[in-house]
Amino acid sequence: MAAIGLLGFVIVLNKPKSVTHRSFFLFSLLTIAYGFTNYMNQHVDSLVLVLWYLRFTIFFAVWHAFSLLHLVTVFPSDVRPQSRVYSILLPVVALVSILTLTPIVFSGIAEVLPSNEIATAETGPGIILFGATVLFLVGGSVYQIIQKTRHARGMTQSQLRYISLGTFLTFALILFFN
């Protein structure tokens, strides 16, 4: 977490007016928040705290996926994109992220292992909306990266390949471990 935070900070300081650099910084902060809450829900003894850390983990997961989509949308530009998609997408992301903090998504802890680890969380109907939203955001990000990589040349194409690799590794590891 420290490495992504340091990298985000260095990048934004390098060119603070750049929308791409600010977007990466936001992505790095949300990565830290997601990672921290995910770590904490495995390292607290109170079932109430575990439930809240679990809720905050998926709260940050929604914003993390949105910030990735925003980053790949603006990259490599230094100006903010004007798009109607944001006027629709932002309220949806905000609503879904707020719902993750309610019992509509996680209503409780269903099973605790003898080692005091959570085996199963009780999910509500909102988990489908959460999953669909994150899948849409990550899928949209991957689609953007592929399209931009196909049309890019030179250094930009190389940078997009690194972004592709990082995106694939990040979300493959998240799916595997979570």
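All values reported here derive from a predicted model rather than from experimental measurement.

## Some words on the environment of Asn41
Take Asn41: it is sitting in the loop between α2 (19-40) and α3 (47-74). With sequence-adjacent residues up to four places away left out, Asn41 is seen in contact with Val50, Tyr53, Leu54 and Thr57.

## Description of the nonpolar core
Judged by nonpolar contacts, the single largest core of 37 residues is most densely connected at Phe106 and Leu137. Elements that contribute at least two residues to this core include exactly α2, α3, α4 (84-99), β1 (106-112) and α5 (126-151). With 15 residues, α3 is the largest single contributor of residues to this core. Discounting residues that sit within four places of it in the chain, Leu137 has contacts with Val62, Ala65, Phe66, Leu69, Leu89 and Val93.

## Side note on the side chain of Thr167
Relative to the assigned elements, Thr167 resides in helix α6 (residues 154-177). For Thr167, the side chain forms a polar contact with the main-chain oxygen of Ile163, separated by 2.8 Å.

## Concerning unusual backbone geometry
Of note, the amide linkage connecting Phe75 to Pro76 takes the cis form, showing an omega dihedral of 0°. Relative to the helices and strands, Pro76 resides in the loop between α3 and α4.

## A look at the packing of α3 against α5
The interhelical angle for the contact between α3 and α5, taken along N-to-C directions, is 20°, at an axis separation of 9 Å. Taken together, α3 and α5 sit at an angle that is classed as roughly parallel. Crossing handedness for the pair α3 and α5: left-handed. Seen from α3, the contacting residues are Ile58, Ala61, Val62, Ala65, Phe66, Leu68, Leu69, Val72, Thr73 and Val74; seen from α5, they are Phe130, Val134, Leu137, Val138, Gly140, Ser141, Gln144, Ile145 and Lys148. The residue makeup of the contact of α3 with α5, split by class, is 14 nonpolar, 4 polar and 1 charged.

## Some points on the packing of aromatic side chains
All chains considered together, the criterion is met by 7 aromatic pairs. Note on Phe56 and Phe59: the rings are 6.2 Å apart at their centroids and 80° apart in plane angle, and the pair reads as edge-to-face. In this pair, Phe56 and Phe59 both sit in helix α3, 3 residues apart, roughly one turn of the helix. Exposure remark for Phe59: the relative accessible area of 17% places this residue in the buried category. Here the aromatic cluster, defined as three or more aromatic residues joined through ring pairs, consists of Trp52, Phe56, Phe59 and Phe60. Sitting above the plane of the Trp52 ring, Arg55 keeps its charged end 4.8 Å from the centroid.

The rules behind each value
Along each chain, numbering runs from 1 in the same order as the chain's sequence is written. Residue-level local features of this predicted model are given only where pLDDT is at least 70; pairs of side-chain atoms are given and counted only at 80 or more, and the full residue set underlies all totals for whole chains, interfaces and linings. Each side-chain value is derived from all of the structure's non-hydrogen atoms; neither hydrogens nor water enter the calculation. Per the convention used, a helix needs a DSSP run of H or I reaching at least four residues, while a strand needs a run of E reaching at least two, with both numbered from the N terminus. Contact definition: two residues touch when any of their heavy atoms are within 4.5 Å. Here, nonpolar core means buried Ala, Val, Leu, Ile, Met, Phe, Trp, Tyr and Cys residues that are tied together by side-chain atoms lying within 4.5 Å of each other. Between buried and exposed lies partly exposed: a residue is buried under 20% and exposed over 50% of the maximum accessible area for its type, with that area taken using a 1.4 Å probe on protein chains only. N or O atoms closer than or at 3.5 Å make up a polar contact, with two conditions inside protein: a donor-capable atom paired with an acceptor-capable one, and, for residues adjacent in sequence, both atoms drawn from side chains. As a rule, the C-alpha atoms of each element are fitted with a line to give its axis, helices using only the stretch in contact, and angles between N-to-C directions run from 0 to 180 degrees. Angle categories: roughly parallel below 35 degrees, roughly antiparallel above 145, roughly perpendicular from 65 to 115, and oblique for all the rest. For any pair of crossing helices, the crossing counts as left-handed if the nearer helix is rotated counterclockwise from the farther one by less than a right angle, and right-handed if it is rotated clockwise. Charged means Asp, Glu, Lys or Arg here, nonpolar means Ala, Val, Leu, Ile, Met, Phe, Trp, Tyr, Cys or Pro, and polar covers whatever is left, Gly included. Two rings belonging to Phe, Tyr or Trp (six-membered ring only in the last case) form a pair when the distance between their centres is within 6.5 Å. Interplanar angles under 30 degrees mark stacking, angles over 60 mark edge-to-face geometry, and anything in between is tilted. Here, a charge over a ring is recorded when the distance from Lys NZ or Arg CZ to the ring centre is within 6 Å and its angle to the ring normal is within 35 degrees.

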